[in-house]
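# Breakdown of the fold
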Amino acid sequence: MSEIPASLTEATDQAMAATQAAIAAGIGRIQVEMVIPELKQQPIARQFLQVFQDLNLKVRVYFPDAGAAALAKRDWDNPEFEIRGITERVSPLSDEDEAILIVSPSAVEVEAVEQVCQNALDRPVILLNPQLENIATIGIGYAGRQLRDRFLSTLESAYHFRPLEGAAVLRQYPGPWQVWRSDHDQPELITEMATKPSGEQLDRILYEEADAEAPTATQPRKRGLLAELQQFLKALSQ
């Protein structure tokens, strides 16, 4: 059973292990989400290169724009593999590109991301901390639904960690989705699900648990470990 990570390092290690497992299982379109406010993406992406080294895969890396790509190339000492902005006009994928890592694409780049995935054919594509969900939410009518059905639904969530106030959602491939809660010293696994819980489902799960264990007037609710973890992870990302 997956455990709640106690630090950003543990979350990253979990995410990398889940990604390796998903690639080894033949999953071609992989999503990794560490939903931590103001998380610095480039250091996480650099650590993720170890995934491809361990699997002996040559990788091409895309950032949301040319500036971010150039900065990463400089900070990573000009590696041999290609690092580009996803909206740049770049050379087609070659036999040298055995896997694709797309770092933190937003809803603005969703069409470019979809095109890269189409061009990748049977190569694994990993979306690291994407922010594409908004496009499905804000998309109006048929266009938004079409995009969600056509592309976002093809992504397998290999890792998802979202700390909340006194709770957390965790998924580490190939395990189930988990909802955790903590009002005391240790987090408690509330439930496991086959699919990602919706906001409505999450509210129902957490509120029902909270109502069942509501503190009395003489026993105020303590600040939970997961709430402390959320603050800690936010501090680490700054």
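My aim in this report is to walk through the structure given alongside it, one point at a time. (Residues numbered from 1 in each chain as written. Predicted model: local features only at pLDDT ≥ 70, side-chain atom pairs only at ≥ 80, totals over all residues. Heavy atoms only, no water.)

### Considering the packing of helix 1 (residues 8-24) against helix 2 (residues 41-54)
Any two packed helices are characterised by the angle at which their axes cross and by the distance between the axes. Viewed as axis vectors pointing N to C, helix 1 and helix 2 meet at an angle of 35°, and their least axial separation amounts to 10 Å. Crossing handedness for the pair helix 1 and helix 2: right-handed. On helix 2, the residues touching Leu8, Thr12, Ala15, Met16, Thr19, Gln20 and Ile23 of helix 1 are Ile44, Gln47, Phe48, Gln50, Val51, Phe52 and Asp54. Partitioned by chemical class, the residues of the contact of helix 1 with helix 2 number eight nonpolar, five polar and one charged. (Axes fitted to C-alpha atoms, helices over the stretch in contact; angles between N-to-C directions. Helix = DSSP H or I, 4+ residues; strand = E, 2+ residues; numbered from the N terminus. Left-handed = near helix turned anticlockwise from the far one by under 90°. Contact = heavy atoms within 4.5 Å. Nonpolar A, V, L, I, M, F, W, Y, C, P; charged D, E, K, R; others polar.)

### Concerning the sheet that holds strand 2 (residues 59-63)
Spatially, the nine strands line up as an open sheet ordered 3-2-4-5-1-6-7-8-9, and their pairing is mixed. This sheet does not close on itself; its edge strands, each paired only once, are strand 3 (83-85) and strand 9 (188-193). Averaged over all pairs of adjacent strands, the angle between strand axes in this sheet comes to 20°, irrespective of strand direction. With four bridges joining them, strand 2 and strand 4 (residues 99-103) adopt parallel strand pairing. Bridge pairing in strand 4 places Tyr62 opposite Ile102. Across the sheet, helix 3 (residues 66-75) touches strand 2 and strand 3, and the angle it forms with strand 3 is around 160°. (Pairing = 2+ DSSP bridges.)

### Let's talk about the pattern of salt bridges
Counting across every chain of the model gives nine salt bridges. A salt bridge links Arg74 to Asp75, with the shortest nitrogen-to-oxygen separation between them at 2.9 Å. For Arg74, a relative accessible area of 56% corresponds to the exposed category. The residue Glu82 makes a salt bridge to Arg84 at a minimum N-O spacing of 2.7 Å. Among the residues examined, Arg84 registers a relative accessible area of 30% and is labelled partly exposed. Within the structure, one salt-bridge network assembled from shared partners comprises Arg60, Glu82, Arg84, Glu88 and Asp97. (Salt bridge = Lys/Arg side-chain N within 4 Å of Asp/Glu carboxyl O. Buried < 20%, exposed > 50% of the residue type's maximum accessible area, 1.4 Å probe, protein only.)

### Regarding the packing of aromatic side chains
This model, assessed by the stated rule, comprises two aromatic pairs. Ring-pair connections join several aromatic residues into one group, and the members of that group are Phe63, Trp76 and Phe81. (Phe/Tyr/Trp six-rings, centres within 6.5 Å; stacked < 30°, edge-to-face > 60°.)

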